[in-house]
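Structure assessment
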Amino acid sequence: MAQIIVMPALGNTVESCLVSSWQVAVGDTIDAGTIVAEIETDKAAMDLPAGVAGTVLALLAGEGDEVPVKSPFLIVGAPGEDISALLAEAGAAPADDAPADAPAVPAAPAAPTTTQPDAAASAPSQPSDASASPRAKALASRERLPLSAVEAGTGPHGRVIERDVAAALAAGPRTTAATRGQDAAGVQGTGLGGRVTAADLAAPVPLATLVEPGRPSAAFPGAYSDAPLKGIRKIVAERMMNALATSAQLTYNSSAAASALLALRARFKGSDADLGFAGITIGDLISYATVRTLKGHTGLNAHLLDGTLRTFDGVHLGLAVDTPRGLLVPTIRNADAMTLRQLSAATKELAAACISGKIDPDLLSGATFTISNLGSFGIESFTPIINVPQTGILGVDTIFPRAVIAKDGSVGAEQRLGLSLTADHQVVDGADAARFLRDLTKALEDIDLVVMG
Amino acid sequence: MAEFDVIIIGGGPGGYLAAERLAHAGKRVLVAEKESLGGTCLNVGCIPTKSLLHGAKLYQHALHGAQFGVTASGVAFDWSGIQAWKTKTVDALVGGVGMMLKRLKVEVVREHATLIGPGVVEVGGVRRTADHVIIATGSTPAMPPIPGTRDNPAVVDSTGLLAIDHVPDRLAVIGGGVIGVEFASLFAALGSKVSVVEMMDEICPFMDADVAKALRRGIAGVDFHLGCRVSGVEGASVLYTDAAGADQRIDADTVLMAVGRRPLVEGWGAREAGLDYAPGGVRVDDRMRTNLPNVWAVGDVTGRSLLAHAAYRMGEIAAAHIIDPAAAVRAGQVLRVDTIPWAVYSMPEAAGVGLTEAQARARGEVLTASVPLVLSGRFVAENGLKAPGMVKIVVDAATRRVLGVHMLGTYAPETIWGAAGVLETELTIDDLRQVVFPHPTVSEGIREAAWAVRD
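Every value quoted in this text rests on a predicted model; they were computed, and no experiment measured them. (Residues numbered from 1 in each chain as written. Chains lettered and ligands numbered in written order. Predicted model: local features only at pLDDT ≥ 70, side-chain atom pairs only at ≥ 80, totals over all residues. Heavy atoms only, no water.)

Things to note about unusual backbone geometry
- Residues A:V388 and A:P389 are joined by a peptide bond in cis, for which omega reads 10°.
- Of note, A:P389 is situated in the loop between β16 (369–373) and β17 (392–405).
- Residues B:M347 and B:P348 are joined by a peptide bond in cis, for which omega reads 0°.
- Along the polypeptide, B:P348 turns up in the loop between β20 (342–344) and β21 (350–354).
- The backbone phi angle of A:N334 is positive, close to 50°, even though this residue is not glycine.
- Looking at where A:N334 falls in the secondary structure, it is placed in the loop between β15 (331–332) and α10 (340–356).
- Even without glycine at this site, B:R400 takes up a positive phi of about 65°. (Helix = DSSP H or I, 4+ residues; strand = E, 2+ residues; numbered from the N terminus.)

A closer look at the interface of chain A and chain B
- Taken together, the contacts link 30 residues of chain A with 25 residues of chain B.
- Counting the surface lost from both chain A and chain B, the interface buries some 2,200 Å², and carbon and sulfur atoms represent 54% of this.
- Counting across the chain A and chain B interface gives 0 salt bridges.
- Taken together, the connections running from chain A to chain B amount to 8 residue pairs in polar contact (both at pLDDT 80 or more).
- Those elements giving two or more residues to the side of chain A that touches chain B turn out to be α5 (198–202) and α6 (207–211) of chain A.
- Sort the elements by how many residues they give to the side of chain A that touches chain B and α6(A) lands first, with 3 residues.
- Grouping the constituent residues of the side of chain A that touches chain B by class yields 13 nonpolar, 14 polar and 3 charged. (Contact = heavy atoms within 4.5 Å. Buried area = accessible area lost by both parts, 1.4 Å probe. Salt bridge = Lys/Arg side-chain N within 4 Å of Asp/Glu carboxyl O. Polar contact = N/O pair within 3.5 Å; in protein donor to acceptor, adjacent residues only side chain to side chain. Nonpolar A, V, L, I, M, F, W, Y, C, P; charged D, E, K, R; others polar.)

Considerations on helix α15 (residues 444–452) of chain B
- Those residues of α15(B) that fall on the buried side of the exposure criterion are B:E444, B:G445, B:I446, B:A449 and B:A450.
- Residues of α15(B) that are buried sit in contact with β22 (366–372), β23 (390–396), β24 (402–408), α13 (412–424) and α14 (429–434) of chain B. (Buried < 20%, exposed > 50% of the residue type's maximum accessible area, 1.4 Å probe, protein only.)

Examining helix α9 (residues 282–294) of chain A
Residue and element names in this part refer to chain A.
- Taking 1.5 Å as the rise per residue, α9 with 13 residues should run 18 Å; its terminal C-alpha atoms sit 18 Å apart, in good agreement.
- Burial within α9 is extensive, with 11 of its 13 residues counted as buried.
- By the burial criterion, the buried members of α9 are I282, D284, L285, I286, S287, Y288, A289, T290, V291, T293 and L294.
- Where α9 begins, the side chain of T281 points an oxygen toward the backbone nitrogen of G283, at a separation of 3.3 Å. (Expected span 1.5 Å × (residues − 1).)

Regarding the environment of B:V265
All names here are of chain B.
- As for its placement among the helices and strands, V265 is situated in the loop between β16 (261–263) and α8 (270–273).
- Relative accessible area serves as the criterion here: at 7%, V265 is assigned to the buried category.
- In this structure the C-alpha to C-alpha distance between V265 and D300, which are 35 residues apart in sequence, comes to 9.8 Å.
- Setting aside its immediate chain neighbours within four residues, V265 contacts A270, Y277, A278, G281, V282 and V301.

A closer look at the confidence of the model for chain A
Residues and elements named next belong to chain A.
- Here chain A averages 82 in pLDDT, while 86% of its residues score no lower than 70.
- Scored below 50 in pLDDT, residues 92–127 makes 53 contacts in the model with residues more than four places away or belonging to other chains.
- Low pLDDT (under 50) marks residues 210–216, which in the prediction has 15 contacts with non-local residues, meaning those over four places away or in another chain. (pLDDT = per-residue confidence, 0-100.)

Things to note about the packing of α9(A) against α10(A)
Residue and element names in this part refer to chain A.
- Relative orientation of the contacting elements α9 and α10 amounts to 120°, with a least axis distance of 10 Å. In terms of axis orientation, α9 runs oblique to α10. Pair α9 / α10 crosses with right-handed handedness. Residues D284, L285, S287 and Y288 of α9 form the contact with α10, whose participating residues are L340, L343, S344, T347 and K348.
- Split by residue class, the contact of α9 with α10 holds 4 nonpolar, 3 polar and 2 charged. (Axes fitted to C-alpha atoms, helices over the stretch in contact; angles between N-to-C directions. Parallel < 35°, antiparallel > 145°, perpendicular 65-115°, else oblique. Left-handed = near helix turned anticlockwise from the far one by under 90°.)

As for the nonpolar core
- Counting 59 residues, the largest nonpolar core has B:I8, B:L115, B:I134, B:I135 and B:M288 as its most contacted members.
- In terms of residue count, helix α9 (residues 308–323) of chain B provides more of this core than any other element does, 7 residues in total.
- Those residues in contact with B:I8, other than ones at most four positions away along the chain, are B:G15, B:A18, B:A19, B:L22, B:V29, B:L30, B:V31, B:A32, B:I134 and B:A136.
- Residues A:I282, A:Y288, A:I332 and A:L419 belong to the second largest nonpolar core, which totals 50 residues. (Core = buried A, V, L, I, M, F, W, Y, C linked by side-chain atoms within 4.5 Å.)

Quick notes on the sheet that holds β21(B)
Residues and elements named next belong to chain B.
- Strand order in this open sheet of 5 strands is β20-β21-β24-β23-β22, and the pairing throughout is antiparallel. Each edge of the open sheet carries a strand with a single partner, namely β20 and β22. Adjacent strand axes in the sheet meet at a mean angle of 10°, parallel and antiparallel pairs treated alike.
- Where β21 and β24 come together, 5 bridges link them in antiparallel fashion. The residue bridging G352 from the neighbouring strand is H406, located in β24. (Pairing = 2+ DSSP bridges.)

Structural notes on the pattern of salt bridges
- Tallied over the entire structure, the rule returns 34 salt bridges over all chains.
- Among the ionic pairs, A:E414 bridges to A:R416, the shortest N-O distance being 2.6 Å.
- Close ionic contact of B:E357 with B:K392 constitutes a salt bridge, the shortest N to O distance being 2.5 Å. Taken together, the residues span a long stretch of sequence, with B:E357 in helix α11 (residues 357–363) and B:K392 in strand β23 at a distance of 35 residues. By the burial criterion, B:E357 is buried, and B:K392 matches it.
- Here the salt bridges do not stand alone but share partners, grouping B:D208, B:D210, B:E357, B:R361 and B:K392 into one network.

Here it is as structure tokens:
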């Protein structure tokens with residue numbers, strides 16, 4: 001005869017149990033020892049044996065339902081038996097009215113299995129949401145703890161039960177209200193009592209860097225001196241940072257055969273002083289060639305200001321000068337209108353004025369393109385910084401012999417001049433810069449012809 | 001083995017609290033203090049000003065008790081009596097610090113100390129050794145080179161004004177920061193004609209602008225001149241250029257120079273010892289470590305915050321890391337500058353913690369709300385409906401975290417620690433709304449502000 005199985009009283013204080021999962025389905029044949037459900041109290045999770053033999057006719061609770069102690073939760077009988085009366089009784093009857101002959105489920109077999117995990121549970125796998133009990137899920141949700149933060153379940157079959165969540169909460173990093181529930185594992189908190197703060201999560205400090213005891217010796221090597229940046233140094237510092245922050249600079253390196261430059265310079269040097277050529281330097285020749293080449297590359301002879309590119313027909317050439325007070329960049333105005341001798345003379349005059357500190361401040365601005373020459377220091381290549389709002393600066397490197405393969409295949413050496421052009425990619429594309437360098441190289445290699453122009 | 005576990009240079013709040021914590025943990029500690037224990041706070045700062053302000057507040061209450069049904073005749077104050085109370089208070093508290101250190105067997109040496117290097121300090125000409133050294137030399141009033149202020153007997157700093165033997169008829173204050181505002185309020189309450197000249201467009205630039213404005217308007221009897229640049233002092237007259245560019249002058253009897261304080265980074269061997277410092281303070285990390293091994297710096301000398309309670313906290317942090325570095329790290333013993341509250345004890349009082357609205361807006365979207373303190377029954381009962389008082393709250397619009405609480409009115413300095421707790425634990429505005437505030441209290445203004453934020 002079919003009978004109602006009620007939820008056993010598992011202890012004096014247990015008022016209800018939660019059906020974590022059914023282990024049987026309607027129609028299953030069971031005996032007294034068959035585990036019919038996995039249940040959970042507020043203290044433990046356990047497997048519940050049937051206590052009677054027969055066929056499962058009805059499951060009176062859903063997974064996750066709380067079933068009060070002594071309330072009906074299962075009907076067992078013979079296959080095909082009519083249980084409508086029992087169903088009505090179970091549905092209507094309060095727990096106390098359960099049939100007196102309904103066998104109490106033996107308490108002993110229902111001992112918690114949590115301390116004796118079976119083989120499946122002994123190799124704990126990372127619990128997923130599906131393998132957590134409803135109570136565990138509820139607690140985790142309430143405490144905003146991701147279930148993935150629970151390392152292993154201690155319930156039947158490795159299931160995560162409420163106490164696993166509670167243990168994970170207790171063992172986990174302490175957080176502030178704002179960081180609760182976020183993945184703070186491995187982050188050393190710098191908040192109150194070591195709590196993990198929002199800032200700690202935004203920029204976590206690895207624990208290892210914080211726990212080294214004491215401070216690594218960062219002592220200075222003896223006495224030192226502090227010099228606040230002022231005057232030219234301060235202005236240079238601000239301009240450089242501003243240039244790097246407001247332009248898209250990159251440098252293109254190239255080289256030109258220097259034989260024509262060296263020959264012409266030698267020729268000038270040996271010429272009669274009265275002709276006015278003797279003092280013309282290789283730097284002057286490079287300036288002259290650059291000014292000529294700029295005429296065909298207006299994107300580099302320009303100012304970029306407030307989203308507008310202003311290109312110039314003429315050239316005001318800025319020349320970086322090393323002075324005792326720091327870097328100064330005087331401007332040779334209308335350099336494109338000058339002869340080589342005029343350009344050379346103007347360069348010498350301005351450099352001398354800078355070095356002696358008598359430079360007219362008006363001549364320290366207004367350049368449309370700048371040359372910085374570090375060749376005399378043996379610099380082989382560098383990345384000059386653009387003097388914004390200009391769009392380009394030519395770095396002049398040293399002349400030194402480089403291996404070349406001649407047209408006949410023979411290997412030889414050739415004096416070559418390095419050129420380092422920095423251009424603002426906002427307005428000067430790589431090909432534009434390359435074309436400028438190609439034309440400049442050509443002008444330098446044919447400098448003896450160019451100066452006739 | 002070193003003679004001491006820790007030598008502390010300076011017996012102010014940062015130094016003596018570190019000594020107390022360290023001695024409690026069984027450390028052998030020496031404190032070198034060339035002047036009086038308690039530092040600026042106890043001797044020429046927080047405590048003497050509060051003692052004097054209390055006299056001024058009592059005087060004002062006695063004068064204005066009629067609205068509460070209490071009248072008194074012949075109400076008067078005696079400046080020498082107010083000063084005597086100040087001296088009595090200071091002496092008692094300084095004595096208390098000395099007793100406490102003595103009970104903990106901290107060796108206090110009343111001598112000048114010089115840092116020689118890690119673990120070595122010259123105290124009164126004698127080299128003493130220790131495993132750790134804590135620098136707590138404090139700060140001193142800043143005296144910018146304004147023409148006419150040097151060797152001018154009419155120009156005093158805060159220390160000088162605290163010791164003044166009379167209430168000046170006219171007081172000119174250069175600088176509208178905490179020190180300037182407290183002294184202005186004090187002497188205005190005692191009948192001085194007080195003028196404050198401030199370079200910025202508002203007093204107390206660290207305050208939320210709304211609260212600073214309300215504070216300025218709430219202080220009775222003080223003329224504030226904002227956006228003014230002082231060009232010189234002639235006798236007791238302050239010459240300045242006003243916000244419109246016009247030359248102005250204030251004739252006074254005493255001029256208080258209150259443009260701030262500067263860390264005392266020189267005179268005790270910092271440079272010679274290779275300590276990394278700048279005029280703005282000895283450089284420390286958030287655990288108060290300097291660049292030298294086992295040399296720590298706490299309090300005003302770091303320039304991180306020139307407040308006594310910040311010095312306390314810094315002293316505790318250094319002590320915790322000396323006692324057990326790993327435990328100190330686990331416990332979050334680091335300086336969190338953003339959650340250090342401030343307080344001003346003028347009439348009315350003001351206090352705050354966290355970001356101002358302007359600071360918060362610079363970092364992202366914010367919600368704010370301001371409420372008048374007349375929403376508090378106790379405030380109305382004790383101050384009436386016209387008294388200045390407000391609470392402003394600043395909240396992160398995205399996370400709803402409380403970023404700042406700014407308060408003007410009675411008891412604000414006593415109340416603000418609760419807001420500091422809210423910030424330290426990163427509570428949201430919704431969390432704060434669930435906190436129960438005792439009724440009737442002025443602190444309920446914070447709760448009202450939390451509910452006034454529009455969601």
